[in-house]
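# Coordinates in review
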Amino acid sequence: MLRTAAVAARCGGGAASAVAGRARRRLTTAEQVALAETALRAVDDPLLAAPADIMTTGMASVAAANDALTITLDVRTAAHPHAYDIAERARHALEGSGVALDCAIRLVASGFGHAVGPEDALAGVRSCVAVSSCKGGVGKSTVAAHLAHALAARGGRVGLVDADVMGPSAPTVLGLEDARVEASPAGGGLALPVESRGGVRVASLGFVNVAPSTKPGAALRGPLAGRVAAQLFRMTDWGELDYLVVDLPPGVGDVTLGVCAAVAVEAAVVVTTPSRLARVDVLKGLELQEGLGVPTAAVVENLAVAVCPGCGAENRPFGGGHAAELAAAAGVAPEGVFRVPISPAVAAANEAGAVGDAAPEPVFLSLADRVIREVYGSMHARRDAVLDVKYDGKLGRVVLRSFRDGEATESFLEPNDVRAGRDFSEGLAPTAVRLVGNRSVVFDWSDGVKDDVYAVSALLDRARGGAG
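Here the residue numbering is sequential within each chain, running from 1 through the sequence in written order. Thresholds applied to this predicted model are a pLDDT of at least 70 for local features of residues and 80 or more for the giving and counting of side-chain atom pairs; totals over whole chains, interfaces and linings are not thresholded and use all residues. Only hydrogens and water are removed before side-chain values are computed, so all heavy atoms of the structure are retained for them.

### Comments concerning the overall build of the protein
Only runs of H or I of at least four residues qualify as helices and only runs of E of at least two qualify as strands under DSSP, and these elements are numbered from the N terminus. Looking only at helices and strands, one finds 14 helices and 22 strands in the protein. Each residue's exposure class comes from its accessible area (1.4 Å probe, protein chains only) as a fraction of the maximum for that residue type: buried when under 20%, exposed when over 50%, partly exposed otherwise. By residue count, 49% of the 468 residues in the protein fall in the buried class. Accessible areas in this description were obtained via Shrake-Rupley with a 1.4 Å probe; residue shielding takes into account the shown protein chains only. Carbon and sulfur atoms provide 53% of the accessible area of the protein, an area that totals close to 20500 Å².

### Quick word on the sheet that holds strand β18 (residues 397–404)
At least two DSSP bridges between two strands are required for those strands to pair. Spatial strand order, β17-β18-β19: three strands in an open sheet with antiparallel pairing. Two strands bound the open sheet, and with one partner strand each, they are β17 (386–392) and β19 (407–413). Going from strand to strand, the sheet's axes swing by 15° on average, the running direction of each strand aside. As judged from the seven bridges shared by β18 and β19, these two strands associate in the antiparallel manner. By the bridge assignment for β19, valine 398 is matched with leucine 413. The sheet strands contacting helix α14 (residues 456–463) are β17, β18 and β19, and the helix crosses β19 at an angle near 80°. Lines fitted to the C-alpha atoms define the axes, with helices restricted to the stretch that makes contact. Angles between their N-to-C directions range from 0 to 180 degrees. Contact between two residues is taken to exist if any of their heavy atoms lie within 4.5 Å; hydrogens are not considered.

### Side note on the side chain of arginine 126
With respect to the secondary-structure elements, arginine 126 resides in the loop between β4 (102–108) and β5 (128–132). You can call arginine 126 buried: its relative accessible area is 12%. Between N or O atoms, a polar contact is any pair within 3.5 Å; within protein, one atom must be a potential hydrogen donor and the other a potential acceptor, and residues adjacent in sequence are included only when both atoms are from side chains. A polar side-chain atom of arginine 126 sits 2.8 Å from a polar atom in the side chain of glutamate 240. For arginine 126, the residues in contact, after removing those within four places along its chain, are Arg76, Ala109, Ser110, Gly111, His114, Val116, Arg157, Glu240, Leu241, Asp242 and Met379.

### Points about empty space enclosed by the protein
Only protein atoms enter the 1 Å grid used here. Points where a 1.4 Å probe fits but cannot escape make up a cavity, open sets with protein on both sides within 12 Å along at least five of seven lines make up a pocket, and a residue lines them when an atom lies within 4 Å of a point. Grid points are joined across faces, edges and corners, and a volume is the space filled by probe spheres set on the points. If you walk through the whole model with that rule in mind, you get five cavities of 30 Å³ or more. In this structure, the largest cavity spans a volume of roughly 90 Å³. Around the largest cavity, the lining residues are Arg76, Thr77, Gly111, Phe112, Arg126, Ser127, Asp242, Tyr243, Val375, Tyr376 and Met379. In terms of residue count, the dominant contributor to the lining of the largest cavity is helix α12 (residues 362–381) (three residues). Gly counts as polar in this scheme, as do all residues outside two lists: the nonpolar Ala, Val, Leu, Ile, Met, Phe, Trp, Tyr, Cys and Pro, and the charged Asp, Glu, Lys and Arg. Each residue belonging to the lining of the largest cavity can be placed in one class, and the counts come to five nonpolar, three polar and three charged. Space inside the second largest cavity adds up to approximately 70 Å³. In this structure, the second largest cavity is lined by Ser132, Ser133, Cys134, Leu248, Pro249, Gly251, Thr256, Gly285, Leu288 and Gln289.

### Points about the sheet that holds strand β21 (residues 440–445)
Spatial ordering of the open sheet is given by β20-β21-β22, a layout of three strands whose pairing is antiparallel. If you trace the sheet from one side to the other, it starts and ends with β20 (430–436) and β22 (452–455), each paired once. Adjacent strand axes in the sheet meet at a mean angle of 25°, parallel and antiparallel pairs treated alike.

### Topic: the environment of leucine 435
For leucine 435, the location among the structural elements is in strand β20. For the pair leucine 435 and valine 453, spaced 18 residues apart in sequence, the C-alpha separation works out to 9.7 Å. With near-sequence residues (within four places) excluded, leucine 435 lies in contact with Leu387, Val389, Ser440, Val441 and Val456.

### Digging into the environment of leucine 428
Structurally, the position occupied by leucine 428 is in the loop between α13 (415–418) and β20. The buried category is assigned to leucine 428, whose relative accessible area is 7%. As a C-alpha pair, leucine 428 and asparagine 416 span twelve residues in sequence and 6.9 Å in three-dimensional space. Discounting residues that sit within four places of it in the chain, leucine 428 has contacts with Pro415, Asn416, Arg419, Trp445, Ser446 and Asp447.

### Let's talk about unusual backbone geometry
Positive phi, close to 55°, is recorded for aspartate 67, a residue that is not glycine. If you check the backbone angles, aspartate 451 has positive phi at about 55° while not being a glycine. Residue classification places aspartate 451 among the partly exposed residues on the basis of a relative accessible area of 32%.

### Some thoughts on the packing of aromatic side chains
Here a pair means two rings of Phe, Tyr or Trp (six-membered ring of Trp) with centres within 6.5 Å. Their orientation is stacked below 30 degrees between planes, edge-to-face above 60, and tilted elsewhere. Taken as a whole and judged by the stated rule, the model has three aromatic pairs. Between the aromatic rings of phenylalanine 112 and tyrosine 376, the centroid separation amounts to 5.7 Å while the plane-to-plane angle is 70°, which identifies the pairing as edge-to-face. Placement of the pair is phenylalanine 112 in the loop between β4 and β5 and tyrosine 376 in helix α12, with a sequence separation of 264 residues. Like tyrosine 376, phenylalanine 112 is buried. A connected cluster of aromatic rings, assembled from ring pairs, spans Phe443, Trp445 and Tyr454.

### Overview of the confidence of the model for the protein
Taken over all residues, the pLDDT of the protein has a mean of 87, while the share at 70 or more is 89%. Residue-level confidence of the predictor, termed pLDDT, takes values from 0 up to 100. In the model, residues 14–22 has pLDDT below 50 throughout and makes seven contacts with residues more than four positions away in sequence or in other chains. Note that residues 210–218 has pLDDT below 50 and, in this model, seven contacts with residues that lie over four places away or in other chains.

### Digging into the environment of isoleucine 342
With respect to the element layout, isoleucine 342 can be found in the loop between β16 (337–339) and α11 (344–352). Expressed as a C-alpha distance, the spacing of isoleucine 342 and alanine 304, which sit 38 residues apart in the sequence, is 6.8 Å. When near neighbours in sequence (up to four residues on either side) are disregarded, isoleucine 342 contacts Leu303, Val305, Ala306, Pro317 and Phe318.

Structure representation (structure tokens):
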């Protein structure tokens, strides 16, 4: 995979096309570029659900200098499974195009032009994926740790945030109990993440020395827990990452709200078990995620199947489960449902703190493939969309402006319409408005409410008179 995010290869031109070069010696550089661009339109990007050619998607660009062409293929993520195949097909297309100049193909992975948050610490982080469930004890931390290492095994540059500040578990499952954070040479109060043996960069409150009288579970309450979780993102020097996986705590409380107010969460992996109790709580979590503008990429049913080591027979000791129902509620296709078996290997890795030491289990590699595809498709669909949200004090209204393909639309909302269904007061007005990744809008209000998160889609629906 595209582990280093940049490779180069020669193609076309030179002595191999000397005859074509003599025949077309009078072609201008601009005409050579046009020939190359036309040839590249025959190469598609199979990672998209509806494959499109790499010129239309913006993946490919052609530049000319010193009687040579440079074709840059920005595959966005270092975990793109078809990166080298696309480069090879581009080379073949160029060789048959009639381009007479030397040409070189460069593979890079620079994301989609924006980071998950405005802080310097997040400037190189391309996407954020939450692992969530309102139900406790379903295996979120296990799934988060194994997913992070599976994404790394697929070639991605990966970070992991242990946002369960009440009970941080990443140090235990990764065998990093003795690790402590160090100051980043970048300064600014940033800390370096701790790197797992599997190459994942990790931030956890469990790496911070705390006195016994101020243990996280005893000291962090309500909004304070949300702010502490947000600081794990903002105060960690992450460097360049394709994916930042977030292990969220159970419930629908302040940590989830604080995380969504701090970073743009591109997708969620929802974890459940076959239990009916889990189903009830997970449905609550799906409702919260929808309200925060976070789409669900996959539903993971943990402890789903027990496999007999002798005969291979499968049984479901905890019942048939509700994963398909939950997936349907979240708008997830059947291929987005993953059933994780009761695995001695996974249990042993957790117990030994050895997650990431061995190759990931096949189910987690398949889950990583799903996440890669869903995040890529989602970000690609919004790559050219520009949104601006602000409060116009003279009008007394929130203004939402969207720009795409050269066209602009403008929508308006009264402050109390934004807070519809929540408590509000006379004379209510935003004191601060900030956009988080074109998915969520965060408001601070004149009545003292802060980090109030809303889905962009919900606000646009309300402004246009639709369902909110």
